[in-house]
Every structure is written in structure tokens, then in C-alpha cells.
Amino acid sequence: MIVALDGPSGSGKSSVARAVARRCGLTYLDTGAMYRSVALVCLERGVDPADEAAVAEAARAIDIEFGDAADGSQTVRANGADVTAAIRTPEVERAVSRVSAVPEVREVMVALQRRAGAHGDVVAEGRDIGTVVFPAADVKVFLTASPEARARRRAVQRTGRNLAEDAGAVADAEEERRVLADLVRRDAYDSTREASPLRPADDACRIDSSDLTFEEVVDKIVALSPELAVRAAEERS
Ligand code: DC
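Reading the values: rules and limits
Residues numbered from 1 in each chain as written. Predicted model: local features only at pLDDT ≥ 70, side-chain atom pairs only at ≥ 80, totals over all residues. Heavy atoms only, no water. Pairing = 2+ DSSP bridges. Helix = DSSP H or I, 4+ residues; strand = E, 2+ residues; numbered from the N terminus. Core = buried A, V, L, I, M, F, W, Y, C linked by side-chain atoms within 4.5 Å. Buried < 20%, exposed > 50% of the residue type's maximum accessible area, 1.4 Å probe, protein only. Contact = heavy atoms within 4.5 Å.

Novice: Would you mind going over the sheet that holds strand 3 (residues 64-68) in detail, with residue names and values included?
Specialist: With antiparallel pairing, the three strands of this open sheet are ordered in space as 3-4-5. Edge positions in the sheet fall to strand 3 and strand 5 (81-82), since each of these pairs with one other strand and no more. Two strands pair when backbone bridges link them, and strand 3 and strand 4 (residues 74-78) are joined in this way by five bridges, in the antiparallel orientation. Following the sheet pairing, Asp-68 is matched in strand 4 by Gln-74.

Here it is in C-alpha cells:
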């Protein structure tokens with residue numbers, strides 16, 4: 001079974017997708033990490049993110065591997081190097097929108113993502129999963145939250161904490177404002193680009209997580225499909 005989870009950055013998608021995957025015994029696929037890896041490789045090689053031919057070349061040659069860290073989180077390797085932390089820097093965040101808007105980059109990444117989902121049992125998280133990558137997914141969710149709630153989550157994440165695990169965590173107010181400005185700019189770019197703009201699939205269930213706890217969002221998603229609920233019960237027993 002395939003669960004497609006789309007939404008803007010900071011909507012809580014990653015934590016939620018990981019939790020749904022763990023609860024239901026499915027594999028988690030973080031497609032944003034794939035675009036981030038391409039952006040990082042370009043930055044490391046001095047490739048200008050605006051040079052579409054060079055960016056596409058880097059995407060065609062990239063080898064991305066996901067692994068499990070000892071604490072249950074996910075590790076990412078690009079061309080053999082551990083890039084788990086390096087793909088989360090502000091420099092990569094600034095470059096990744098340009099890189100992910102290149103049609104050839106998307107073609108290559110979508111092919112890799114479909115391969116990863118070919119045997120089913122995946123929770124794939126991104127921007128175009130329900131619309132392009134897996135249009136026939138069994139469950140489609142479009143997760144949103146207010147820009148302010150999303151900026152708070154991202155800013156807290158940068159302090160090394162996570163609101164999903166620590167509801168009282170706070171970040172510096174100035175950092176939160178910077179993240180909000182970045183996020184609004186990136187949202188506008190991601191949703192107006194020509195290649196696969198961020199938009200909900202017509203048949204996606206929209207969930208606004210602004211006023212929901214992390215557990216409430218996960219519960220809502222599992223409750224969307226009898227098969228997910230059965231799998232969650234099986235995993236518990
Ligand atoms: O979800 P994230 O913040 O890790 O995504 C990083 C970037 O990659 C973001 O700018 C949007 C882009 N992205 C995309 O275009 N398509 C996807 N399926 C996933 C991410």
C-alpha cells in the first residue's frame with residue numbers, strides 16, 4: 001500500500017510521515033531529502049543552481065541511499081558520503097527550490113521514487129507525491145498549517161529539538177521571523193513553478209495541523225483507511 005503525504009515545508013510532514021510509517025509497518029520515503037542531496041552536491045561542486053544543464057547532470061549521476069540511525073531517525077548518503085546533517089543547512093535550503101524546479105531533475109527523482117515504491121508499503125512524503133509520483137496512492141493527504149505555526153516548528157528544529165517530542169520547545173524570536181520570511185518566499189516559489197507546482201491532489205484529504213497535536217494528526221491519517229488501521233493494530237500486537 002502507498003500513502004502519499006504532501007504539503008509545504010514546516011507543516012509537520014516529515015515527523016508525521018515517519019510516525020505513520022513506524023506505526024503501520026511501512027517504509028518511509030523522504031523525497032525532499034533527495035532534492036536536498038542534489039542541491040548539496042551542486043553547491044559542493046560549485047555548480048550554479050541556475051545552470052540547469054549542469055544541475056541535471058548532477059541529478060542523473062547521483063546515488064542516494066537511506067539508512068537507519070541508532071536513535072531510530074533516518075540517515076542519508078549521497079554518492080557514498082553521509083549528508084544527513086549537511087542537507088539541512090540554510091545554504092542548501094536556499095538552493096533547493098531552484099534545483100527542484102528543473103524539469104530534468106524532477107524526472108530523474110520521480111523515477112527513483114517510483115522504483116522505491118515499486119514493491120508497495122511506502123509512506124512517501126513531498127510536494128507532488130499524490131499528483132505526480134503516485135497518483136494511484138491508496139491514501140492521499142495534504143498537510144497544511146499556518147505560516148506562523150510552520151515557522152515556529154522549523155525554527156525549533158534548528159535548535160536541535162522537535163515540537164513533536166517536546167511541545168514546550170521554543171526558538172529565538174528573531175530566528176523565527178527569519179525562518180518565516182524564508183518560508184513564505186519558498187512557498188511562493190514552490191507553488192508557482194512550472195514543473196509540478198505544490199498543490200493538493202483533487203482526491204487528497206486536507207488536514208490543517210496548526211491547532212492539532214502531532215499525535216492527533218497521526219491518528220487522523222491512520223483513521224483515513226481501514227487497511228492502515230488494521231496494519232497499525234497488527235504492529236501493536
Ligand atoms: O520537504 P523539504 O523541505 O525537505 O523539501 C526540500 C525542497 O525540495 C523544497 O524546496 C521543495 C522540494 N521538493 C519538491 O519539489 N518535490 C518533492 N517531492 C519534495 C521536495
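Novice: Which residues make up the nonpolar core, and what are the values?
Specialist: Counting 35 residues, the largest nonpolar core has Val-38, Val-55, Ile-62, Val-105, Met-109 and Phe-134 as its most contacted members. Counting only elements with at least two residues in this core, the list comes to strand 1 (2-6), helix 2 (31-45), helix 3 (52-61), strand 4, helix 4 (90-100), helix 5 (103-117), strand 6 (122-126) and helix 6 (129-133). The element contributing the most residues to this core is helix 2, with eight residues. Ignoring anything within four residues of it in the chain, the contact list for Ile-62 reads Ser-37, Val-38, Val-41, Ala-78, Asn-79 and Met-109. Counting residues in each nonpolar core, the second largest holds 22 residues, with Leu-5, Ala-21, Val-218 and Ile-221 among its members.

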